[in-house]
Amino acid sequence: MMNWTLQAISNELNGQNITIDRDMLVGRHQDCDIVLQSSEISRRHAAFHIKDDTLWLEDLKSSNGTFVNDLRIEEPTRLKNNDVIQFANLRFSLVAPAQQNEPTAQEIKEAEQVIDKGMPTLEERAKETPISKDGVPQHVDIPKPAPIPEHVDLEVQPQPKTIAQPQNSDIAKEVEQQKNASVGLITVIIILLIAAMVWFFFFR
């Protein structure tokens, strides 16, 4: 959930902070999400809208106006970090979520030191690994292979898998069945032709 913060910069609000984490209505009426007690604030003065993690501000035809960076807005306006928002005579500074989570200068410096310590220089690596005249590293330990489990027999050869082959008798049966089916079909056709000829010559 992305939260924006309104930091009051008007003396009337004494540095109050307001969190915006959803669509919120601003006004003097008690039903509003952000209630501003000032006679210059309209009952329903303005509205914040969150669309695709972006904050927008809309003026609801207030009497004394809604301003972003001292410019009165007439239509929904996209907001960004450090914008100065004013409802009539009440002013706020907007703090965006990314600004709230931004690392401090000290944190950045400490992270850089950790990175620098993690990678030795070329000179340090050269001192650690002596090199011969031919440029071949000397005294480099070769890692030992992993031990072989006791229950594994290296001399056991894998058994070849036997692939089942179709029996010749099965193939012959299938060919014979197809042949019988073809003969039966031809016989039926011949009988039909003979019946048609008999009907043509004797019953017309």
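Right above here is the structure, for reference.
Residues numbered from 1 in each chain as written. Predicted model: local features only at pLDDT ≥ 70, side-chain atom pairs only at ≥ 80, totals over all residues. Heavy atoms only, no water.

K.L.:
When you look at the sheet that holds strand β10 (residues 84-87) in this model, what are you seeing that I'm missing?
P.N.:
Neighbouring strands of a sheet are bound in pairs by backbone hydrogen bonds; such pairs are parallel or else antiparallel. An order of β2-β1-β11-β10-β7-β8 is seen for the six strands of this open sheet, with the pairing classed as antiparallel. At either end of the open sheet lies a strand with only one pairing partner, and these are β2 (17-20) and β8 (71-72). When strand β1 (residues 4-8) meets β2, the two strands line up antiparallel, connected through four bridges. Bridging across to β2, Leu6 finds its partner in Ile18. (Pairing = 2+ DSSP bridges. Helix = DSSP H or I, 4+ residues; strand = E, 2+ residues; numbered from the N terminus.)

K.L.:
Just checking my understanding: could you explain the sheet that holds strand β5 (residues 46-51) for this structure?
P.N.:
The mixed open sheet is built from five strands, whose spatial order is β4-β3-β5-β6-β9. Of all the strands in the sheet, just β4 (34-35) and β9 (77-78) have a single pairing partner and so form its edges. In the sheet, β5 pairs with strand β6 (residues 54-59) via six bridges, with the strands oriented antiparallel. What sits directly across from Ala46, in β6, is Asp59.

K.L.:
Whenever I open this one, the packing of aromatic side chains confuses me. Can you help?
P.N.:
Any pair of aromatic rings gets described here by the distance separating the centres and the angle formed by the planes. Counted by the stated rule, this structure contains two aromatic pairs. Residues Phe48 and Phe87 carry aromatic rings whose centres are separated by 6.1 Å and whose planes lie at 85 degrees to one another, so their mutual orientation is edge-to-face. Taken together, the residues Phe48 in strand β5 and Phe87 in strand β10 connect sequence positions 39 residues apart. For the pair Phe48 and Phe87, a shared accessibility class is recorded, and that class is buried. Through a chain of ring-to-ring contacts, three or more aromatic side chains come together here, namely Phe48, Phe87 and Phe92. (Phe/Tyr/Trp six-rings, centres within 6.5 Å; stacked < 30°, edge-to-face > 60°. Buried < 20%, exposed > 50% of the residue type's maximum accessible area, 1.4 Å probe, protein only.)

K.L.:
Looking at this model, I keep getting lost on the side chain of Ser38. Mind explaining?
P.N.:
Along the chain, the position of Ser38 falls in the loop between β4 and β5. Among residues more than four places away in sequence, those in contact with Ser38 are Arg28, Asn89 and Leu90. (Contact = heavy atoms within 4.5 Å.)

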